[in-house]
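# A structural walkthrough
The primary structure of each chain is shown beneath.
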Amino acid sequence: MRRQVNLRVEEMPRRWYNILPDLPEPLPPPRDPEEGESRLAALPEMLLAECLKQDSSTQNWIDIPDGLGELYAQAGRPRPLFRALNLEKRLDTPARLYYKAEFYSPTGSHKVNTAVAQCYYARQEGYERVTTETGAGQWGTALAYAASLVGLKCTVYWVRAVYDWKHDRRNFMHLLGAEVNASPSPKTDFGRSLYEKDPNHPGSLGIAISEGLEDARRDPKAVYCLGSVLNHVLIHQTIIGLEARKQFEMFDDYPDVMISCLGGGSNFGGFVLPFVRDVLKEGKKIRFIAAQSEVAPNLQAEYRYNFADHAEITPLLKMYTLGHKAEMKPIRADGLRYHGCAPILSLLRHLGYIETVAYPADERYVFERARTFIQAEGYLPAPESAYSIACAIDEALKCREAGESKTIAFNISGHGFMDMQGYREVLGLP
Ligand SMILES: *Cc1c(COP(=O)(O)O)cnc(C)c1O
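A quick note: this is a predicted structure, and the numbers were derived from the prediction, not measured. (Residues numbered from 1 in each chain as written. Predicted model: local features only at pLDDT ≥ 70, side-chain atom pairs only at ≥ 80, totals over all residues. Heavy atoms only, no water.)

### With respect to the overall build of the protein
Heads up, the condition is: Secondary structure elements are defined from DSSP: runs of H or I of at least 4 residues count as helices, runs of E of at least 2 residues count as strands, and each element is numbered from the N terminus. Buried, partly exposed and exposed residues are distinguished by accessible area as a fraction of the type maximum, computed with a 1.4 Å probe on protein chains only: under 20%, between the cut-offs, and over 50%, respectively. By definition, residues are in contact when any of their heavy atoms lie within 4.5 Å. The method behind every accessible area is Shrake-Rupley, applied with a 1.4 Å probe, and residues are considered shielded solely by the protein chains displayed. Charge convention: Lys and Arg are scored as positive, Asp and Glu as negative, and His as well as the terminal groups of each chain are ignored. By convention, the charge on Lys lies at NZ, on Arg at CZ, on Asp at CG and on Glu at CD.
On a plain count of helices and strands, the protein comes out with 16 helices and 15 strands. Considering only C-alpha atoms, the protein reaches an extent of 60 × 55 × 40 Å along its principal axes. In the protein, which comprises 430 residues, the share counted as buried stands at 62%. Once local pairs closer than 6 in sequence are excluded, the contacts in the protein between residues at least 24 apart make up 76%. For the protein, the exposed area adds up to about 16700 Å²; of that, 49% sits on carbon and sulfur atoms. Both charge centroids of the protein, one from 50 positive and one from 55 negative side chains, sit 4 Å from each other.

### Regarding the packing of helix α3 (residues 66–74) against helix α5 (residues 112–124)
Note the following rule: Working convention: axes come from line fits to C-alpha atoms, limited for helices to the stretch in contact. Angles between N-to-C directions cover 0 to 180 degrees. The crossing is said to be left-handed when, going from far helix to near helix, the turn is anticlockwise and less than a right angle, and right-handed when the turn is clockwise. Gly falls in the polar group here, along with every residue not listed as nonpolar (Ala, Val, Leu, Ile, Met, Phe, Trp, Tyr, Cys, Pro) or charged (Asp, Glu, Lys, Arg).
At a closest axis distance of 10 Å, the pairing of α3 and α5 adopts a crossing angle of 145°. By crossing handedness, the relation of α3 to α5 is classed as right-handed. Taken together, the residues of α5 that come into contact with α3 (itself represented by Gly67, Leu68, Leu71 and Tyr72) are Asn113, Val116, Ala117 and Tyr120. Here the contact of α3 with α5 is built from residues that sort into 6 nonpolar, 2 polar and no charged.

### Digging into helix α11 (residues 231–251)
To keep things clear, this is the line we draw: Take the residue count of a helix, subtract one, and multiply by 1.5 Å to get its expected span. Note on bend: at a given residue it equals the angle between the axes fitted to the 7 residues ending there and to the 7 starting there.
A rise of 1.5 Å per residue sets the reference length of α11, with its 21 residues, at 30 Å; its end C-alpha atoms lie 30 Å apart and thus fit the reference within 8%. If you look at α11, its biggest bend is around 30°, right at glutamine 237. Burial within α11 is extensive, with 18 of its 21 residues counted as buried. The first or second residue beyond α11 is aspartate 252, which carries a positive phi of 60°.

### A few points about the nonpolar core
Quick reminder of the rule: For the purposes of this section, nonpolar cores are sets of buried Ala, Val, Leu, Ile, Met, Phe, Trp, Tyr and Cys residues that join through side-chain atoms within 4.5 Å. Domain borders in the structure are assigned automatically or taken from a domain database.
With 83 residues, the main nonpolar core has Trp16, Val130, Leu273, Phe288, Leu345 and Leu348 as its most contacted residues. Per-domain counts for this core show at least three residues from each of domain 1 (4–11 + 78–108 + 237–427) and domain 2 (15–64 + 110–224). One finds Phe82, Val257, Ile259 and Ile393 within the second-largest nonpolar core, a separate group that totals 44 residues.

### Section: the site of the ligand
Rules: Each residue is tested against the molecule or strand, and it is near if at least one of its non-hydrogen atoms lies within 4 Å. N or O atoms closer than or at 3.5 Å make up a polar contact, with two conditions inside protein: a donor-capable atom paired with an acceptor-capable one, and, for residues adjacent in sequence, both atoms drawn from side chains.
Around the ligand there are 17 residues in total, and Lys111, Ser228, Gly263, Ser266 and Ser413 lie nearest to it. Contact distances for the ligand include 2.5 Å between an oxygen atom and a side-chain N or O atom of serine 228. In isolation the ligand exposes 380 Å². Once the protein is present, 97% of that is buried. There are two domains that each give the shell around the ligand at least three residues, and those are domain 1 (4–11 + 78–108 + 237–427) and domain 2 (15–64 + 110–224).

### Some words on the sheet that holds strand β10 (residues 257–261)
Put simply, the rule reads: One bridge is not enough; two strands pair if DSSP finds at least two bridges between them.
Strands sit in the order β1-β4-β5-β15-β10-β11-β14 across an open sheet of 7 strands; the sheet is mixed. Looking at strand neighbours, the two that pair on one side only are β1 (4–5) and β14 (354–359), the edges of this open sheet. Each of β5 (96–101), β10, β11 (287–293), β14 and β15 (407–412) is contacted by helix α15 (residues 383–402), which is oriented at about 170° to β15, the strand it contacts most.

### A few points about the pairing of β5
Most of β5 sits inside the fold, with 5 of its 6 residues counted as buried. Direction of pairing for β5 relative to β15: parallel, over a ladder of 6 bridges. Bridge pairing links arginine 96 to threonine 407 in β15.

### Details of the domain arrangement of the protein
The following threshold applies: Throughout, buried area stands for the accessible area (probe radius 1.4 Å) lost by two parts on being put together, summed over both. We define a salt bridge as a side-chain nitrogen of Lys or Arg found within 4 Å of a carboxyl oxygen belonging to Asp or Glu.
Per the domain assignment, the segments making up the protein are domain 1 (4–11 + 78–108 + 237–427) and domain 2 (15–64 + 110–224). Computed over C-alpha atoms, the centres of domain 1 and domain 2 are 23 Å apart. Each partner contributes residues to the interface: domain 1 has 48 residues there, and domain 2 has 45 residues. Summing both partners gives a buried area of about 3800 Å² for domain 1 against domain 2, and 66% of it is carried by carbon and sulfur. It is Thr107, Ile313 and Met418 that lose the most area in domain 1 upon contact with domain 2, and together they represent 17% of the buried surface on that side. Across the pair lysine 281 and aspartate 22 runs a salt bridge, and its minimum N-O distance is 3.3 Å. Summed over the shared surface of domain 1 and domain 2, the result is 12 residue pairs in polar contact (both at pLDDT 80 or more). Grouping the constituent residues of the side of domain 1 that touches domain 2 by class yields 24 nonpolar, 13 polar and 11 charged.

### Some words on the packing of α5 against α11
We count it as follows: Roughly parallel covers angles under 35 degrees, roughly antiparallel covers those over 145, roughly perpendicular covers 65 to 115, and oblique covers all other angles.
Across the interface, α5 lies against α11 with an axial gap of 8 Å and an inter-helix angle of 125°. Judged on the interaxial angle alone, α11 and α5 are oblique. For the pair α5 and α11, the crossing hand works out as right-handed. Side by side, α5 and α11 meet where Asn113, Thr114, Ala117, Gln118 and Tyr121 of the first sit next to His232, Val233, His236, Gln237, Ile239 and Ile240 of the second. Residues that form the contact of α5 with α11 fall into these classes: 5 nonpolar, 6 polar and no charged.

### Considerations on the layout of surface pockets
What counts, and what does not: Using a grid of 1 Å spacing that covers the protein atoms alone, one calls a set of points a cavity when a 1.4 Å probe fits there but cannot get out, and a pocket when the set is open and has protein on both sides within 12 Å along at least five of seven lines; lining residues are those with an atom within 4 Å of a point. Grid points are joined across faces, edges and corners, and a volume is the space filled by probe spheres set on the points.
In this structure, the second largest pocket occupies an estimated 440 Å³ of space. Along the walls of the second largest pocket sit 24 residues, with Pro30, Asp55, Ser56, Asn231 and Leu317 positioned nearest its centre. Taken together, the elements giving at least two residues each to the lining of the second largest pocket come down to α1 (39–46), α2 (49–55) and β13 (316–321). Tallied by class, the residues present in the lining of the second largest pocket amount to 17 nonpolar, 5 polar and 2 charged. Of the residues that make up the lining of the second largest pocket, three or more belong to each of domain 1 (4–11 + 78–108 + 237–427) and domain 2 (15–64 + 110–224).

Structure representation (structure tokens):
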């Protein structure tokens, strides 16, 4: 039985998919708040021109420039789609399980897919430096990697509470040549105002975003990059689902259920959107399930306009949100702790196309499921990806009970080699 389908480099998709023109209803556009200066007017100062253009593009297919295709190949794309035969056997399920291997990413996550795109365009638009924030550290590492490959400088503002203990990931960013600042830092006006009061301030994603934006705005040679939520990020990530669609053809199978973890929505969207197209345009039937944490179940919250950041620098986006000031208890799967879900996925959820499940905050259930996967398949998932696995196993066990042989596809958004501490502490490893 076939266990893996990989594509040759020449078979890698040459275009990304943009779902905007195919949505059953127009996507509610970003909006300015009633008070204060216009955030919309400030966007061109903040984001790459090409990305801003893609955000509202009405083209279904967006060409991946040749030079960027080479960067994807350099990063190891295309990535395999595996049939989880060992896991199926252990679960004694009639379901067929398949997983996409984003864990082969050189920095550990799917975020490289948009990082190389953004750095490629930044280079083309004449910038010399990129700035960003990072929480768990996966996005900062991906951007540091991409900047290094295309020859840009990179400045990362990293939430101090995480910066202080993830030494390996910090060293990796330094090896890649990035400047890494614990945030709040003395480097920006906003950061300094907090740093001077308390040099041990733990920081937050909102503060780090404000620092990254301030830094980029003050330097005409620098531009700020975002790693999730926005339409252009989801577009870049469709490379995952487009590859998977070709791979399913070669397996001569097609998913009944598609699952991935969801924080801001970039890996989930990248994986499922090309298949959502099949549902919308070709009458296919697929269940799409987003696996979340109880500490940040944004898809179960309200659908309304809200800021994308704590500091209220961004425009308002129509999304499922817990509120931009929501407090979220720390978990190991730190990348899933975000208050809102990407507007495209929020609209699809609103229209009934996306289901969601939220797992308990202590993460034992999820990590136990990940352990089952690790022992059967041998790959170490990122803590976030463990949520995809938990949900896929849940669905496979339901198939066992019902005696149904469904095809279940899940995305493994990253590897966990730099997150052993999470597994150790939650599972009590010696
Ligand atoms: C950042 C991250 C996530 C969550 O972000 P999304 O934008 O929802 O994909 C999931 N998995 C990994 C490995 C991550 O680094």
